[in-house]
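Listed below are the residues making up each chain.
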Amino acid sequence: MFSEFASLVARAMGRPSAFMICCVVVVLWAVSGPLFHYSDTWQLIINTGTTIVTFLMVFLIQNSQNRDGAAIQAKLDELIRASAAQNAFIGIEHLTQEELDQIRDRCVSRAKIEEAADGAEERANDRARRAAAAAG
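The text that follows walks through the structure, step by step, so that each part is easy to find. Keep in mind that this is a model prediction, so the values were computed, not measured.

Here we look at the packing of aromatic side chains
Phase 1: Under the defined criterion, the tally for this structure stands at three aromatic pairs.
Phase 2: Aromatic pair Phe55 and Phe59: ring centres 5.2 Å apart, planes at 80°, arrangement edge-to-face. Taken together, the positions of Phe55 and Phe59, both in helix 3 (residues 40-82) and four residues apart, correspond to about one turn of that helix.
Phase 3: A network of ring pairs unites the aromatic residues Trp29, Tyr38 and Trp42 as a single cluster.

Brief notes about the packing of helix 1 (residues 2-13) against helix 3
Phase 1: Interaxial distance between helix 1 and helix 3 falls to 9 Å at its minimum, and their mutual angle equals 105°. What the angle tells us is that helix 1 and helix 3 run roughly perpendicular. On the side of helix 1, the interface is formed by Phe2, Ser3, Phe5, Ala6, Ser7, Val9, Ala10 and Met13, while helix 3 contributes Met57, Leu60, Asn63, Ser64 and Arg67.
Phase 2: Class assignment for the residues of the contact of helix 1 with helix 3 results in eight nonpolar, four polar and one charged.

What counts and what doesn't
- Here the residue numbers are simple positions, counted from 1 along each chain's written sequence.
- Where local features are concerned, this predicted model is filtered to residues with pLDDT of at least 70; where side-chain atom pairs are given and counted, the filter is 80 or more; whole-chain, interface and lining totals use all residues.
- Hydrogens and waters are ignored; side-chain quantities use all the structure's heavy atoms.
- Side-chain rings of Phe, Tyr and Trp (the six-membered ring for Trp) are treated as a pair once their centres are within 6.5 Å; stacked means planes under 30 degrees apart, edge-to-face means over 60, and tilted covers the remaining angles.
- A run of DSSP states H or I qualifies as a helix once it reaches four residues; a run of E qualifies as a strand once it reaches two. Both are numbered from the N-terminal end.
- The axes used here are C-alpha line fits, helices contributing only the stretch in contact, and every angle between their N-to-C directions lies in the interval 0 to 180 degrees.
- Between 65 and 115 degrees an angle is taken as roughly perpendicular, under 35 as roughly parallel, over 145 as roughly antiparallel, and anywhere else as oblique.
- A contact between two residues is defined here by any heavy atoms of the two lying within 4.5 Å.
- Polarity classes work like this: nonpolar for Ala, Val, Leu, Ile, Met, Phe, Trp, Tyr, Cys and Pro, charged for Asp, Glu, Lys and Arg, and polar for all others, with Gly in that last group.

What follows is the structure, given as structure tokens:
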């Protein structure tokens with residue numbers, strides 16, 4: 001039930017109309033300043049209101065991001081499983097930071113090796129093309 005509520009509120013608060021309503025509230029508050037003689041209570045109203053809204057929105061946004069992150073991980077896991085990629089990468093988001101750093105370092109090392117091999121292959125292909133052109 002909380003997830004549904006969080007989704008509903010996150011969608012509603014992400015709309016331009018919600019932003020405009022907030023802007024109107026701030027303008028009304030600012031315009032009412034002279035009426036209340038810019039008192040401490042007048043200032044406290046906006047401070048308290050924004051603090052409460054911010055506090056509550058943090059939890060709603062975190063819930064929404066957690067669900068989005070889990071969905072993205074599930075999609076990536078399925079792409080890894082269905083492709084020629086290494087299945088060992090499925091679920092690595094649950095590893096410790098040190099384990100992730102080791103995997104990242106291995107991936108960088110492999111990428112550098114593959115890049116060097118690709119460069120060597122390209123140079124060999126260039127030489128072969130030049131030799132074929134010179135012979136032909």
